[in-house]
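# Residue-level structural notes
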Amino acid sequence: MVDVLWTEGNYNAAIDVEELWNGLRKTHPFSLFCAYRMNGFGGDEFAHPLMEVCRKHSRVIPAESYAALANMDDRLRAIIQLQQKAKSLEAEIAERREAEATLRRVKEELEVQVEDLRRLHEMSV
């Protein structure tokens, strides 16, 4: 149910349902296993919501690819690889933001120059 809400973009409702289950656990003992598809968390904007979802759970199990690894050494290698990919993506995001800021500045300068040329043209006519 929570994954359906999440997939539909109703993130707050998914987290609210998680909280409702946690409230029910205080009065009725039961085991509940939630499952979210990781592709629903793609993008920098989902870093905080993913942590909110994880905080609502007493235990979190990574995606199948991690759990399927044979031993702890393989799992640690997978973590290192994911951490390296995360650092690479963070660097790429920073570079992209810097490039976007530079492009905005150049665009603004060009707009000023075009306006100046337009005024000069009008004055010469």
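Look above for the structure.
These lines cover the structure that appears in this document, whether it is placed above or below.

Procedures and definitions
- Residues numbered from 1 in each chain as written.
- Predicted model: local features only at pLDDT ≥ 70, side-chain atom pairs only at ≥ 80, totals over all residues.
- Heavy atoms only, no water.
- Patch = residues over 30% accessible without salt bridge, like charges linked within 9 Å, V, L, I, M, F, W, Y side chains within 5 Å.
- Areas by Shrake-Rupley, 256 points an atom, 1.4 Å probe, with all protein chains shown as cover.
- Salt bridge = Lys/Arg side-chain N within 4 Å of Asp/Glu carboxyl O.
- Helix = DSSP H or I, 4+ residues; strand = E, 2+ residues; numbered from the N terminus.
- Buried < 20%, exposed > 50% of the residue type's maximum accessible area, 1.4 Å probe, protein only.
- Core = buried A, V, L, I, M, F, W, Y, C linked by side-chain atoms within 4.5 Å.
- Contact = heavy atoms within 4.5 Å.
- Phe/Tyr/Trp six-rings, centres within 6.5 Å; stacked < 30°, edge-to-face > 60°.
- Lys NZ or Arg CZ within 6 Å of the ring centre and 35° of its normal.
- 1 Å grid on protein atoms, 1.4 Å probe; cavity = no way out; pocket = protein on both sides within 12 Å on 5 of 7 lines; lining within 4 Å.
- Points joined across faces, edges and corners; volume = space filled by probe spheres on them.
- Nonpolar A, V, L, I, M, F, W, Y, C, P; charged D, E, K, R; others polar.
- Expected span 1.5 Å × (residues − 1).

### Focus: a nonpolar patch on the surface
Residues Trp 21, Leu 24 and Leu 32 make up a contiguous nonpolar surface patch of about 240 Å² in total accessible area. By the secondary structure assignment, Trp 21 is in helix α2 (residues 11-25).

### Remarks on the pattern of salt bridges
Under the criterion given, the structure shown has eleven salt bridges. Residue Glu 90 is joined to Lys 87 by a salt bridge in which the shortest nitrogen-to-oxygen separation is 3.7 Å. Taken together, the positions of Glu 90 and Lys 87, both in helix α5 (residues 72-124) and three residues apart, correspond to about one turn of that helix. You can call Glu 90 partly exposed: its relative accessible area is 47%. A cluster of three or more residues bridged by salt bridges with shared partners is formed by Glu 115, Asp 116, Arg 118, Arg 119 and Glu 122.

### Section: the nonpolar core
Grouped together as the largest cluster of nonpolar side chains are eleven residues: Val 2, Leu 5, Trp 6, Ala 13, Ala 14, Ile 15, Val 17, Tyr 36, Phe 41, Phe 46 and Val 53. Elements supplying a minimum of two residues to this core: α1 (2-7) and α2. When residues in this core are grouped by element, the largest group, four residues, is from α2. In contact with Trp 6, not counting residues within four places along its chain, are Tyr 11, Ala 14, Ile 15, Tyr 36, Gly 40, Phe 41, Phe 46, Pro 49 and Val 53.

### Comments concerning the packing of aromatic side chains
Taken as a whole, this structure holds seven aromatic pairs when the rule is applied. In textbook terms, an aromatic cluster arises when at least three aromatic residues are bridged by ring pairs, as seen for Trp 6, Tyr 11, Tyr 36, Phe 41 and Phe 46. Here Arg 75 stacks its cationic end above the ring of Tyr 66, 5.6 Å away from the centre of that ring.

### What about the layout of surface pockets?
Each pocket or cavity is described by its volume, and for the largest pocket that value is around 1,800 Å³. Considering the residues around the largest pocket, the lining is formed by 44 residues, among which Met 38, Leu 50, Cys 54, Val 60 and Pro 62 are closest to the centre. The leading source of residues in the lining of the largest pocket is α5, at nine residues. For the lining of the largest pocket, the residue count by class is 27 nonpolar, eight polar and nine charged.

### Quick look at α2
Across its 15 residues, α2 extends 22 Å between first and last C-alpha, which sits within 8% of the 21 Å expected from 1.5 Å per residue. Along α2, the residues classified as buried are Ala 13, Ala 14, Ile 15, Val 17 and Glu 18. Contacts from the buried residues of α2 go to α1 and α3 (47-55).

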